[in-house]
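# Structural description and commentary
In case you want the letters, here they are:
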Amino acid sequence: MDSLPATRIEIDLDALRHNFRLAGEYAAGRDLLAVVKADAYGHGAVRAAQTLAGEGAELFGVAHLGEAAPLRQAGIDRPILLFCGVRPGEEDQVLKLRLTPMLFDLGLAERLDGLAANAGIRQPVHLKIDTGMGRVGFRPEELPEVLERLRQLSHLELEGVVSHLALADERDNPFSEEQYACFRACLRQVREAGFSPRWVHLSNSAALYSRDFPECNLSRPGISLYGGLPGPGFADLDLRPVMHVRSSIAQLKQVPAGTGVSYGHRFTTGRPTRLAAVPVGYADGYSRRFSNCGEVLIRGCRMPVVGTVCMNWTLVDVTDLPEVAVGDRVTFLGRDGDALLRGSDLAAKIGTIDYELYCSLGSHNERVYEG
Ligand SMILES: *Cc1c(COP(=O)(O)O)cnc(C)c1O
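Residues numbered from 1 in each chain as written. Predicted model: local features only at pLDDT ≥ 70, side-chain atom pairs only at ≥ 80, totals over all residues. Heavy atoms only, no water.

### Some remarks on the overall build of the protein chain
Counting its regular elements, the protein chain contains 11 helices and 20 strands. In terms of principal-axis extent, the alpha carbons of the protein chain reach across some 80 × 50 × 35 Å. Classification of the 371 residues of the protein chain by burial places 53% in the buried group. The contacts in the protein chain between residues at least 6 apart in sequence include a share of 67% that link residues at least 24 apart. Total accessible area computed for the protein chain in this model is approximately 15,800 Å², and 48% of it derives from carbon and sulfur atoms. (Helix = DSSP H or I, 4+ residues; strand = E, 2+ residues; numbered from the N terminus. Buried < 20%, exposed > 50% of the residue type's maximum accessible area, 1.4 Å probe, protein only. Contact = heavy atoms within 4.5 Å. Areas by Shrake-Rupley, 256 points an atom, 1.4 Å probe, with all protein chains shown as cover.)

### Quick look at the site of the ligand
Around the ligand, 13 residues are found, and the nearest of them are Lys37, Tyr41, Ser205, Ile223 and Tyr355. A distance of 2.5 Å separates an oxygen atom of the ligand from a polar side-chain atom of Ser205. Across the complex, the protein chains shield 93% of the 390 Å² of accessible surface that the ligand would expose by itself. Residue composition of the shell around the ligand, grouped by class: six nonpolar, four polar and three charged. (Near = heavy atom within 4 Å. Polar contact = N/O pair within 3.5 Å; in protein donor to acceptor, adjacent residues only side chain to side chain. Nonpolar A, V, L, I, M, F, W, Y, C, P; charged D, E, K, R; others polar.)

### Thoughts on the domain arrangement of the protein chain
Entries for the protein chain in the domain assignment read domain 1 (13–226) and domain 2 (243–370). Look at where the C-alpha atoms of domain 1 and domain 2 centre, and you get two points 38 Å apart. At the junction of domain 1 with domain 2, the criterion picks out one salt bridge. The residue Asp39 makes a salt bridge to Arg367 at a minimum N-O spacing of 3.0 Å. The greatest single-element share of the side of domain 1 that touches domain 2, amounting to four residues, is contributed by helix H2 (residues 37–42). (Domains from an automatic or database assignment. Salt bridge = Lys/Arg side-chain N within 4 Å of Asp/Glu carboxyl O.)

### Description of the environment of Leu218
Relative to the assigned elements, Leu218 resides in strand E9 (residues 218–219). Taking the C-alpha atoms as reference, Leu218 lies 8.0 Å from Ala27; in sequence the two are 191 residues apart. What Leu218 contacts, discounting residues up to four positions off in sequence, is Arg30, Asp31, Leu32, Leu33, Leu59, Trp199, Val200, His201 and Leu202.

### Here's the deal with helix H1 (residues 13–27)
Taking 1.5 Å of rise per residue, the 15 residues of H1 would be expected to cover 21 Å, and the 21 Å separating its terminal C-alpha atoms lies within 8% of that figure. Taken residue by residue, H1 has Leu13, Ala15, Leu16, His18, Asn19, Phe20, Leu22, Ala23 and Ala27 as its buried positions. The secondary structure elements touched by the buried residues of H1 are strand E1 (8–12), strand E2 (31–35), helix H3 (45–55), helix H9 (205–208) and strand E20 (366–370). N-capping of H1 is provided by Asp12, with a side-chain oxygen placed 3.0 Å from the backbone N of Asp14. (Expected span 1.5 Å × (residues − 1).)

### Structural notes on the UniProt feature "binding site: substrate" (unreviewed entry) in the protein chain
Under the UniProt annotation, the feature "binding site: substrate" (unreviewed entry) is placed at Arg135 and Met311. With a sequence span of 177 residues, these residues are also far apart in the fold, their greatest C-alpha distance being 34.7 Å. By the element assignment, Arg135 lies in the loop between strand E6 (123–128) and helix H7 (143–152). By relative accessible area, Arg135 is classed as exposed at 52%. Ignoring sequence-local partners within four residues, the contact set of Arg135 consists of Asp130 and His164. When its relative accessible area of 45% is taken as the criterion, Met311 is described as partly exposed. For Met311, the contacting residues outside a window of four places in its chain are Gly281, Tyr282, Ala283 and Asp284. (UniProt positions renumbered as here; feature names shortened; annotations may be inferred.)

### Here's the deal with the nonpolar core
In this structure, Phe60, Leu127, Leu150, Tyr286, Val296 and Ile298 are the most contacted members of the largest nonpolar core, which totals 113 residues. No other element matches H1, which puts seven residues into this core. Here this core gathers at least three residues from each of two domains, domain 1 (13–226) and domain 2 (243–370). Discounting residues that sit within four places of it in the chain, Phe60 has contacts with Leu33, Ala34, Val36, Ala49, Leu52, Ala53, Ile76, Arg78, Pro79, Ile80 and Leu81. Among the nonpolar cores identified, the runner-up in size contains six residues, and Val261, Ala277, Val306 and Leu315 belong to it. (Core = buried A, V, L, I, M, F, W, Y, C linked by side-chain atoms within 4.5 Å.)

Here is the structure:
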């Protein structure tokens, strides 16, 4: 017999559609590339991409080749960008699966050009420029040489020009405008070198929802599609959480004041206490850092996690909810009735961001799709 998972994740596809439509309103006529890297931030890339293709996503973005193949197998036909480029040995697959690498390496450009020449096609690439993120991409001062070399590679098609913002989540930080100014200067050089890129793009979710870059015609939202807030100044946006993490109470017990709870007795009850044991732990992607500081939803109420989070168990103080029973639903992330545990609020408790929470919980647990 199949066993039922102790923890499961409900993915609300209607909320995903809603968030995509909201992105469309802010994009104001520009196209959208839906970022579905890291298995759609733990939400399941195939279902997310199928749903968003139905809503009109023009392109998709993944990190690696291995993430693109399942999308093609599932019938996703739109262009797919490889954010992390292509490693030596993967080039054949890029052509076979009709993928579009972000280009930040001339060696790759030459290898792809050779393969494309043999195949009698033009291989699309998006030129990645580092305008201030300080991560990957050609530096602006390298551009003249890069463009000169690309002009000789006649089987590559420079279909896009891309950069990425370092501080867009800080709504008022002027550095994003500096990066945009640098990006425009780079674009001018690209055009003067004789290229006419179809796509020009800079914005992640934070920029899509807070800035206007008139020269860009494509935005690349990720986190906001999944209902995550792109930064602290974005709480007013009508973004709906897509991921809801559920388990249920396995045991309830009454203990006296002064009882040590869980490994290390890092919590001692200060009053007669009713403890609920829930079979979720760090093996399920629920971080051990939630020890003594996490919160869960039971019957629509926020209840505190007490003691150390174990590999497979978390303890919750339910003294203030006398009606609680074994089998009651416990929500670790997302909505329960009118109550909501937002990813960004939870993440802040343990010094991380909702992106990491979604990836961690999403990759460890079975998903059920709704809507
Ligand atoms: C992850 C990523 C995005 C999406 O960013 P969000 O903050 O999730 O909207 C966009 N562009 C690039 C290059 C990325 O790596």
